[in-house]
Structure formats: structure tokens, C-alpha cells
Amino acid sequence: MSDYPLFSAGDFRRRALNQNGGPVDHAWRDHGDHLLNPTLVDLAAGLKLKDAAVLVPVVDDGDEAKVILTQRTSTMRKHSGQIAFPGGGIDPEDRSPEQAALREAEEEIGLDRSFVETLSRLPTYYAATGFRITPVLSVVRRGFEITPNPAEVDDVFEVPLSFLMNAANHQRDSREWDGTERHFYVMPYEERNIWGITAGILRTLYERLYA
């Protein structure tokens, strides 16, 4: 049992460091929308993919932690206009996925890494759009300032962790992609629609930490 409230950053930290579901290196097939699309995931895993990392930033906000999300600009070449975590491709000079995620968060939304405590990783997310993504779990302390890069980010907002980790808010949908029906999670929040890669990572987070 934790001494922290269920959806606090303190309890999130404890859960992130003691995940269910086995080692992350061998668990990528077993979570999120990978389970819904085994054929597509096998196909993506066999492609030449670009390594990427995203930061899953959980803000320490007392009893009710928040998760920072962005809305990408409509001019981005891939995933334009979608809700996303801060993140991007891992560059040769990045020493690790953690370093890449922190760098991208600084470049995209101006989140100073001195406010961020990286904790652990989730299983790799294989995106059929050409990326092998490492989600990096983190806790962010208040006091930071957000300065979105207008070339990449239209908006930055926060969603309560308690909302995102409630399975009742995880809807399932599908659409045809490249001649195959693809199933995915959708998490409508206020006027926003969280879906695709971001919802898949959040579902994995729920299954490994809160289910």
C-alpha cells in the first residue's frame, strides 16, 4: 500500500518504478492497442523504423496529478493536428531515450529538464507510420514555464491523471488503414479527442500501473 493518494505524483512514482506485466523489453506485444492489432504490429516491427522517444510528464499537483499533452500544428508532416506527448526522433548525439525525450520537451514546449525527474520506461510502441517509440515516464515539479514552439505545437494543456487512468474513459474505435481495419483507443476530454499513438501509450500506462 502507498502512503500517497491514488492519483498523486508520489503514488505514480511508486507504480512507475514497480510496474506490472514483466520487463518492458519483452512486453510490447501484450499491452494497449498492440493487443488489438497483432498483424499490424508484427508488420510494423519488421519494418525499418526510426527510433523515437516521448516524455510522459506527470505534474506533481497535490492529490490530483496532471499529465501534460500537446496539440501538434496542422502543418506537421506526420500526425498533424493530433494530441501528443512531447517527443520526437532520437538523434545520434542523444545518449539515451531519456535524453532524447528531455531534449524534445525543451525544444517543443520549453519544459526545463531541471524540473523533470525521469523514472522508467513503458514497453516500446511500434507505430505503423514509421517509428519505434520509447515512452519515458517522469514526474514534473511545479514552477516550470511553458513556451510552445509555434512551428510544432499549437497548444499545451493538462489532463487529470485520474481521468486518463479510468478505464471507463477508454473508448474503442476502428477505421480502415492501408486496406486493413485498424482498432485503436479514443479518450475524449472536454473539447479534445485523444486517440492514436497517444491513447495507445496511455492505455499501456493504465494496464501496467493501474489496472
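Everything below is about the structure printed above this text.
In this report, the structure presented in the accompanying data block is examined. Everything numeric here is computed off the predicted structure, so don't read it as measured data. (Residues numbered from 1 in each chain as written. Predicted model: local features only at pLDDT ≥ 70, side-chain atom pairs only at ≥ 80, totals over all residues. Heavy atoms only, no water.)

## Brief notes about the nonpolar core
Piece 1. Among the nonpolar cores identified, the biggest contains 40 residues, and F12 and I194 are the most heavily contacted of them.
Piece 2. The residues contacting I194, other than those within four sequence positions of it, are L69, I83, V159, L164, Y185, V186, M187, Y189, A199 and L202.
Piece 3. Of all hydrophobic cores here, the second largest spans 17 residues; its members include A105, F115, V153 and V156. (Core = buried A, V, L, I, M, F, W, Y, C linked by side-chain atoms within 4.5 Å. Buried < 20%, exposed > 50% of the residue type's maximum accessible area, 1.4 Å probe, protein only. Contact = heavy atoms within 4.5 Å.)

## Focus: the pattern of salt bridges
Piece 1. Counted by the stated rule, this structure contains 16 salt bridges.
Piece 2. For R13, the salt bridge is made with E117, and the minimal N-O distance between the two is 2.9 Å. Note that R13 is positioned in helix α1 (residues 9–17) and E117 in strand β5 (residues 116–121), a separation of 104 residues in sequence.
Piece 3. Using a relative accessible area of 25% as the deciding quantity, one classes R13 as partly exposed.
Piece 4. We note a salt bridge from E98 to R121, for which the minimum N-O separation is 2.7 Å. Within this pair, whereas E98 is found in helix α3 (residues 97–109), its partner R121 is found in strand β5, the two being separated by 23 residues in sequence.
Piece 5. By sharing partners, the salt bridges in this structure join D91, D94, R103, E104 and E107 into a single network. (Salt bridge = Lys/Arg side-chain N within 4 Å of Asp/Glu carboxyl O. Helix = DSSP H or I, 4+ residues; strand = E, 2+ residues; numbered from the N terminus.)

## Focus: unusual backbone geometry
Piece 1. Of note, E190 is a non-glycine position whose phi angle comes to about 50 degrees, a positive value.
Piece 2. Along the polypeptide, E190 turns up in the loop between β10 (180–189) and β11 (192–195).

## Remarks on the environment of L205
Piece 1. Here L205 shows up in helix α5 (residues 196–209).
Piece 2. For L205, a relative accessible area of 1% corresponds to the buried category.
Piece 3. On a C-alpha basis, the gap between L205 and A16 in space is 8.9 Å, while along the polypeptide they are 189 residues apart.
Piece 4. Aside from chain neighbours lying at most four places away, what touches L205 is F12, V56, L122, L137, M165 and Y210.

## Description of the environment of V140
Piece 1. Positionally, V140 belongs in strand β7 (residues 131–140).
Piece 2. We classify V140 as buried; its relative accessible area is 0%.
Piece 3. As for V140 and L164, which are separated by 24 residues in sequence, their C-alpha atoms are 17 Å apart.
Piece 4. Aside from chain neighbours lying at most four places away, what touches V140 is P57, V58, V59, D60, L111, F115 and V116.

## Details of the sheet that holds β11
Piece 1. In spatial order, the strands read β9-β10-β11; together these three strands make up an open sheet with antiparallel pairing. Edge strands, defined here as strands with exactly one partner in the open sheet, are β9 (171–177) and β11. Strand after strand, the sheet turns through a mean of 40 degrees between neighbouring axes, direction not considered.
Piece 2. As paired elements, β10 and β11 share four bridges and run antiparallel to each other. For P188, the partnering residue across the bridge sits in β11 and is N193. (Pairing = 2+ DSSP bridges. Axes fitted to C-alpha atoms, helices over the stretch in contact; angles between N-to-C directions.)

## Details of the packing of aromatic side chains
Piece 1. A full pass over the atoms with the stated rule returns four aromatic pairs.
Piece 2. A centroid spacing of 5.6 Å and a plane angle of 25 degrees characterise the contact between F7 and Y210, whose relative ring orientation is stacked. Remark: Y210 occurs in the segment after α5 and F7 occurs in the segment before α1; sequence separation between them is 203 residues. Residues F7 and Y210 agree in their burial class; the two are buried.
Piece 3. Taking NZ or CZ as reference, R175 lies 4.7 Å from the ring centre of W195, over its face.
Piece 4. Over the face of the ring belonging to F157 we find R192, whose NZ or CZ atom lies 3.8 Å from the ring centre. (Phe/Tyr/Trp six-rings, centres within 6.5 Å; stacked < 30°, edge-to-face > 60°. Lys NZ or Arg CZ within 6 Å of the ring centre and 35° of its normal.)

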